[in-house]
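# Reading the structure
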Amino acid sequence: MLTIYNTLSKTKEAFKPLDGNKVRMYVCGMTVYDFCHLGHGRSMVAFDLVTRWLRYSGYDLTYVRNITDIDDKIINRANENGEAFDALTARMIDAMHEDERRLNILKPDLEPRATEHIAGMHAMIQTLIDKGYAYAPGNGDVYYRVGKFVGYGKLSRKKIEDLRIGARIEVDEAKQDPLDFVLWKGVKPGEPSWESPWGPGRPGWHIECSVMSTCCLGESFDIHGGGSDLEFPHHENEIAQSEAATGKQYANSWMHCGMIRINGEKMSKSLNNFFTIRDVLDKYHPEVVRYLLVSSHYRSAINYSEDSLRESKGALERFYHALRGLPVVAPQGGEAYVERFTAAMNDDFGTPEACAVLFDLVREINRLRDSDAQAAAGLAARLRELGGLLGVLQLEADDFLRAGAEGKVDAAEVEALIQARLQARAEKNWAESDRIRDQIAAMGVVLEDKKGETTWRLAD
């Protein structure tokens, strides 16, 4: 039985889809004004993991992840660059998809863009106005009336009276209450705009997700996800808008993944303490980065450091060394490992415990490889199978272990030296054998001798 920690109830709950075996999941995606940083990668990978496990478990999943392709940051960046906002967002969407491909992230089933759902936003805003939950003060803006929604704060556990302390209304705003938030923004000079019943303008951020999610998945759906930084106010406001408009519970379960931290602070473009995904992938193999992101529980924070990436690389090297040199067969044996792995993942996607199972499986493979190569090969296939559910261990072992060798060493030269060393060993010319080994080591290459066969990899 799969259990999921529901941020709304603050407890783990047995997962039961609203409609039989069908699961509908919406995740807040990227605001595409710049390259994705590793914090975005954390959210992408976390819900990719959820997607893989739900499908492996037999659920018929529809996964929707939106793209915010109009907001203040996009407009400001496009103006700084001297380009049209949609030219900027098109470039950044292409870059995001490339980052996802490199991190082995499955494509969502639907990827709606905010600018494609303007009419739906107008309809929901008008419904909120008609029900008294929103108002248009006449300046082109439309605001949501927070005080009217009885359940406001139920996700974040924030109280309206506490939020009002210190809240203020900006000079150019026409709010009735400092907590009210904008649904539609009247046009300003130099900004892109769309016609609306309240005059030309553009949508507020929060209304976008309420409309895109309900358009793609219906008025109520199973899982809503995103980073923990979105819990308030974004997700709180989504609930207020959607439930006021439909009269129904918006999302059954809320999932929030932890942040990437650097020196104890959230990785963020606003704090200028971020590394883009492509910056990190220039230094580390994509599977190393992905393993770093999946080996910690999705709700926990990850402290980014060179040490943590080196540890991730070391773990994968251990896995691939266990796979190396064994014949490719169908998964055989290891049912107890599968049961433990399944139990870990069914407990709110417990990847730390699942990874521990993989390490135990590696120990068994290494124990058997000399005495029972066939059994070891069956378990190696099982290791690949389980690793695939985390999105790792799908490469050829040598391809991973020698990754980065191109441009650093001449593989043909290394192979020739290995053959010369084997010949020297066959002739019992140990001095020449040692000399060649030292020569190879000076090239940054590590040799491994097993059963008369020598393999190589780059040194750490």
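Residues numbered from 1 in each chain as written. Predicted model: local features only at pLDDT ≥ 70, side-chain atom pairs only at ≥ 80, totals over all residues. Heavy atoms only, no water.

### With respect to the packing of helix H10 (residues 306-323) against helix H12 (residues 351-368)
Remark: H10 packs on H12, axes separated minimally by 9 Å, with the N-to-C direction vectors making an angle of 35°. Every pair of crossing elements has a handedness; the one defined by H10 and H12 is left-handed. Residues Ala315, Arg318, Phe319 and Ala322 of H10 pack against Leu358, Phe359, Val362, Arg363, Ile365 and Asn366 of H12. Partitioning the contact of H10 with H12 into residue classes produces seven nonpolar, one polar and two charged. (Axes fitted to C-alpha atoms, helices over the stretch in contact; angles between N-to-C directions. Helix = DSSP H or I, 4+ residues; strand = E, 2+ residues; numbered from the N terminus. Left-handed = near helix turned anticlockwise from the far one by under 90°. Contact = heavy atoms within 4.5 Å. Nonpolar A, V, L, I, M, F, W, Y, C, P; charged D, E, K, R; others polar.)

### Some words on the side chain of Thr68
Along the chain, the position of Thr68 falls in the loop between strand E4 (60-65) and helix H2 (72-81). Using a relative accessible area of 2% as the deciding quantity, one classes Thr68 as buried. A distance of 3.4 Å separates polar atoms of two side chains, one belonging to Thr68 and the other to Asn66. Excluding its chain neighbours within four sequence positions, the residues that come into contact with Thr68 are Met30, Thr31, Val32, Ile74, Ala114, Trp205 and Glu208. (Buried < 20%, exposed > 50% of the residue type's maximum accessible area, 1.4 Å probe, protein only. Polar contact = N/O pair within 3.5 Å; in protein donor to acceptor, adjacent residues only side chain to side chain.)

### As for the domain arrangement of the protein
Domain annotation of the protein identifies domain 1 (3-257), domain 2 (262-402) and domain 3 (411-458). A separation of 29 Å is found between the C-alpha centroids of domain 2 and domain 3. At the interface, seven residues of domain 2 touch seven residues of domain 3. Carbon and sulfur atoms make up 40% of the surface buried where domain 2 meets domain 3, a total of about 680 Å² over both sides. Looking only at domain 2, the three residues that lose the most surface to domain 3 are His321, Arg324 and Arg402, adding up to 65% of its buried area. For the pair domain 2 and domain 3, the interface holds zero salt bridges. At the boundary of domain 2 and domain 3, one finds zero residue pairs in polar contact (both at pLDDT 80 or more). Across the side of domain 2 that touches domain 3, the residue classes tally to one nonpolar, one polar and five charged. (Domains from an automatic or database assignment. Buried area = accessible area lost by both parts, 1.4 Å probe. Salt bridge = Lys/Arg side-chain N within 4 Å of Asp/Glu carboxyl O.)

### Here's the deal with the UniProt feature "binding site: Zn(2+)" (unreviewed entry) in the protein
The UniProt entry lists Cys28, Cys209, His234 and Glu238 under the feature "binding site: Zn(2+)" (unreviewed entry), expressed in the numbering used here. Spatially, the listed residues are clustered: although they cover 211 residues, their C-alpha atoms lie within 11.0 Å of one another. Here His234 is to be found in helix H7 (residues 231-246). Leaving out residues up to four positions away in the same chain, His234 has contacts with Cys28, Trp205, His206 and Cys209. Reaching out from His234, the side chain makes a polar contact with the side chain of His206 at a distance of 3.0 Å. Structurally, Glu238 is set in helix H7. Apart from residues lying up to four places away in sequence, Glu238 is in contact with Cys28, His206, Cys209, Ser210, His224 and Tyr250. (UniProt positions renumbered as here; feature names shortened; annotations may be inferred.)

### Things to note about unusual backbone geometry
The peptide bond linking Phe232 to Pro233 adopts the cis configuration, its omega dihedral lying at 5°. Relative to the helices and strands, Pro233 resides in helix H7. Of note in this structure, Arg157 is not a glycine but carries a positive phi near 65°. With respect to the helices and strands, Arg157 occurs in the loop between strand E6 (142-144) and helix H5 (160-164).

### Quick notes on the pattern of salt bridges
By the definition in use, this model includes 30 salt bridges. Note that Arg52 and Asp48 form a salt bridge whose closest N and O atoms lie 2.8 Å from each other. On the criterion of helical spacing, the pair formed by Arg52 and Asp48 is a turn pair, its members being four residues apart in helix H1 (residues 38-56). As far as the burial class goes, Arg52 and Asp48 line up, both buried.

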